[in-house]
Amino acid sequence: MFNRNSQTARPVGVEAHERAVSRLRESFAALGPDETVRLAKKTSNLFRPRERATRGLDVEGLAGVISLDAEARTADVQGMCTYENLVDVTLQHGLMPFVVPQLRTITLGGAVTGLGIESTSFRNGLPHESVLEMDVFTGEGTIVTATPTNEHADLFRAFPNSYGSLGYATRLRIELAPIGDLVETRNVRFDSARAMTEAIERIVADEVWEGERVDGLDGMIVSPGECYLVLANFFPDVRRHPSDYTGQRIFYRSIEELDRDTLTAHDYIWRWDTDWFWCSNAFGVQNPTVRRLWPSKYRRSDVFHRIVGFENRYGVAAKIDSMRGELPRERVVQDVEVPLEELVNFMPWFDEHVGMTPVWVCPLRLRGDQAWPLYRLEPNRTYVNVGFWGTVAIEPGRADGDVNRDIEAVLPTMGGHKSLYSDVYYDAQTFEDLYGADEYRRMKSMYDPSGRLPEFADKVRTHA
């Protein structure tokens with residue numbers, strides 16, 4: 001095996017899980033009857049203001065894999081288990097979750113109650129679509145097991161994109177997919193978004209490009225005339241020594257430089273995490289001298305995220321920019337989904353009104369034939385996730401938030417949607433129309449009738 005990941009992670013077992021659930025129940029009982037129920041956790045992958053709970057549910061022991069059935073290709077996983085810990089266990093069996101979001105510290109429960117996406121989403125959909133059943137801790141302090149067909153099937157379908165407003169998953173049984181120990185990638189350049197769109201359409205239909213299998217599909221747009229798709233083969237015939245992008249080399253730059261590449265399965269899964277896609281450049285980490293001095297164990301998305309959190313709280317860089325006479329800047333950190341055929345319209349609009357480069361592109365298609373009520377992507381339709389993360393200057397006559405509002409306004413005109421992990425400016429009525437308010441309220445009345453859990457809109461609408 002070529003995997004550099006030498007950890008020997010092991011499942012925690014059913015007994016440890018039951019003890020952790022007991023502590024969770026005790027922490028709920030210790031809360032006052034009028035206290036809002038929140039998770040007592042210190043970390044988050046969200047990019048919106050988050051009220052830290054001084055008291056909350058004890059989830060300390062809910063961060064592992066409970067068990068794994070290699071023959072059935074399933075795993076029972078605790079809700080607070082990070083994908084990093086999950087993958088450490090599954091790769092030992094030549095398996096991976098159907099979809100692994102890009103960042104190591106995203107939790108399985110977070111990806112299911114929120115949304116996650118990655119290069120396998122063009123055929124495997126979103127993380128919640130490979131969940132077979134889950135135990136949900138409700139606002140009433142009870143645990144119900146929800147499946148697609150039992151008496152809690154409506155909760156099962158409303159849970160994705162509810163962001164903890166309908167409960168918290170303590171255990172999820174998920175499907176797993178095979179992956180080899182090496183992954184070969186092909187970096188294919190296109191001269192326009194239209195040419196890229198046509199290629200995506202063919203690959204989604206055939207899962208093949210120029211006679212070679214495609215197991216993973218994502219890419220980036222550097223400029224209107226420079227677009228790339230990264231095509232991954234999880235079972236390559238040719239075995240080359242794998243590249244290492246955890247040291248001096250930087251993954252996203254290699255896409256422009258190499259036609260083909262090889263990574264270990266572990267390093268392919270976390271290829272974007274080391275430099276937080278390309279965002280590490282904002283911290284100087286891509287400077288060769290700084291990179292040599294910055295310990296590799298701290299080149300991780302969660303470390304960069306904490307630095308951003310510090311800046312958001314204290315505004316050190318913003319104050320320095322102001323002293324230099326530079327324009328103030330607006331945070332534009334978003335992932336949006338547009339129908340594949342609308343990519344050729346969205347990108348020119350984006351270039352004119354936002355102008356951020358590069359951007360990440362990741363095709364996705366719901367795995368099943370049913371829509372999910374709180375995030376209404378159409379079944380049997382291909383979308384492209386466009387991810388852009390950074391800041392833009394607030395021009396004279398404009399206000400902080402205007403660019404984010406412009407993005408929100410244009411998306412519905414193109415049949416698009418926006419993930420809710422970052423700044424949200426929708427007015428109340430628009431938000432309810434877009435994100436399934438009727439079904440949410442029906443589930444809320446059944447599983448949190450006392451209103452102990454935060455309200456969906458209150459959790460995600462940061463600029464009402």
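Heads up: the structure comes first, above all this text.
Cut-offs applied
Residues numbered from 1 in each chain as written. Predicted model: local features only at pLDDT ≥ 70, side-chain atom pairs only at ≥ 80, totals over all residues. Heavy atoms only, no water. Helix = DSSP H or I, 4+ residues; strand = E, 2+ residues; numbered from the N terminus. Rg over C-alpha atoms; globule rule 2.2 N^0.38 Å. Buried < 20%, exposed > 50% of the residue type's maximum accessible area, 1.4 Å probe, protein only. Areas by Shrake-Rupley, 256 points an atom, 1.4 Å probe, with all protein chains shown as cover. Axes fitted to C-alpha atoms, helices over the stretch in contact; angles between N-to-C directions. Parallel < 35°, antiparallel > 145°, perpendicular 65-115°, else oblique. Left-handed = near helix turned anticlockwise from the far one by under 90°. Contact = heavy atoms within 4.5 Å. Nonpolar A, V, L, I, M, F, W, Y, C, P; charged D, E, K, R; others polar. Phe/Tyr/Trp six-rings, centres within 6.5 Å; stacked < 30°, edge-to-face > 60°. Lys NZ or Arg CZ within 6 Å of the ring centre and 35° of its normal. Polar contact = N/O pair within 3.5 Å; in protein donor to acceptor, adjacent residues only side chain to side chain. Pairing = 2+ DSSP bridges.

Across its full length, the protein carries 16 helices and 16 strands. Relative to the 2.2 N^0.38 estimate, which gives 23 Å for 464 residues, the radius of gyration of the protein is 22 Å and therefore close to what a compact globule would have. Over its C-alpha atoms, taken along the principal directions, the protein stretches across nearly 60 × 55 × 45 Å. With 464 residues in all, the protein has 57% of them scored as buried. Accessible area of the protein: about 19900 Å², with a carbon and sulfur share of 49%.

Bringing the packing of helix H12 (residues 343–353) against helix H13 (residues 402–410) into the picture now. Running from N to C, H12 and H13 cross one another at 165 degrees; their axes reach a closest spacing of 11 Å. In this view, H12 runs roughly antiparallel relative to H13, as classed from their interaxial angle. Our pair here, H12 against H13, has a crossing hand that is right-handed. Two secondary-structure elements touch here, H12 through Phe346, Trp349 and His353 and H13 through Val403, Asp406, Ile407 and Val410. Here the contact of H12 with H13 is composed, by residue class, of 5 nonpolar, 1 polar and 1 charged.

Moving on, we come to the packing of aromatic side chains. Enumeration over the complete set of coordinates arrives at 26 aromatic pairs. A ring pair is formed by Trp276 and Phe304, whose centres lie 6.1 Å apart and whose planes are at 25 degrees; its orientation type is stacked. With a gap of 28 residues between them, Trp276 in the loop between helix H8 (265–269) and helix H9 (288–293) and Phe304 in helix H10 (residues 301–314) connect regions that are remote in the sequence. Accessibility classification places Trp276 together with Phe304 in one group, the buried group. A centroid spacing of 5.2 Å and a plane angle of 5 degrees characterise the contact between Phe283 and Phe304, whose relative ring orientation is stacked. Of this pair, Phe283 sits in the loop between H8 and H9 while Phe304 sits in helix H10; the two residues are 21 residues apart in sequence, bridging distant segments of the chain. Phe283 sits in the partly exposed class, given a relative accessible area of 22%. The buried category is assigned to Phe304, whose relative accessible area is 0%. One aromatic cluster in this structure is built from Tyr245, Phe251, Tyr252, Trp272, Phe277, Trp278, Trp360 and Trp389. Above the ring of Trp372, the side-chain terminus of Arg157 is found at 3.9 Å from the ring centroid.

For the rest of this paragraph, the subject is unusual backbone geometry. Look at the link from Thr357 to Pro358: it is a cis peptide, with omega at -10 degrees. Locating Pro358 in the fold gives a position in the loop between H12 and strand E14 (359–365). The phi angle at Asn161 is positive, at roughly 75 degrees, despite the residue not being glycine. Along the chain, Asn161 turns up in the loop between helix H5 (153–158) and strand E6 (168–178). Take Asn161: its relative accessible area is 0%, and that puts it in the buried class. With phi around 50 degrees, Glu210 is a residue other than glycine that occupies positive phi space. Relative to the helices and strands, Glu210 resides in the loop between strand E8 (208–209) and strand E9 (212–213). When its relative accessible area of 60% is taken as the criterion, Glu210 is described as exposed.

This brings us to the side chain of Asn233. Among the secondary structure elements, Asn233 is positioned in strand E11 (residues 226–233). By relative accessible area, Asn233 is classed as buried at 10%. A polar atom in the side chain of Asn233 sits 2.8 Å from the backbone nitrogen of Phe235.

Turning next to the pairing of E11. Across the 8 residues of E11, 8 count as buried, placing the element largely inside the fold. Burial along E11 is two-sided: Glu226, Tyr228, Val230 and Ala232 facing one way and Cys227, Leu229, Leu231 and Asn233 facing the other are all buried. Here strand E7 (residues 182–190) pairs with E11 via 7 bridges, running antiparallel. Bridging across to E11, Thr185 finds its partner in Ala232. Pairing of strand E10 (residues 216–223) with E11, which is carried by 7 bridges, proceeds in the antiparallel orientation. Residue pairing across strands places Gly216 opposite Ala232, the latter belonging to E11. Taking the residues between adjacent antiparallel strands as the criterion, E10 and E11 are bridged by 2 residues.

Turning next to the sheet that holds strand E13 (residues 329–339). What the 8 strands build is an open sheet, ordered E12-E7-E11-E10-E14-E15-E13-E16; its pairing is antiparallel. Edge strands, defined here as strands with exactly one partner in the open sheet, are strand E12 (260–264) and strand E16 (417–418). The sheet strands contacting helix H6 (residues 193–206) are E7, E10, E11, E14 and strand E15 (382–393), and the helix crosses E11 at an angle near 20 degrees. Each of E13, E15 and E16 is contacted by H13, which is oriented at about 10 degrees to E13, the strand it contacts most.

Moving on: the environment of Arg260. By secondary structure assignment, the location of Arg260 is in strand E12. Taking relative accessible area as the criterion, Arg260 reaches 34% and is therefore assigned partly exposed. Arg260 sits 74 residues away from Arg186 along the chain, and the two C-alpha atoms are 4.5 Å apart. Ignoring any residue separated from it by four or fewer positions in sequence, one finds Arg260 in contact with Glu184, Thr185, Arg186, Glu212 and Arg240. Polar side-chain contacts of Arg260 include one of 2.6 Å to the side chain of Glu212.

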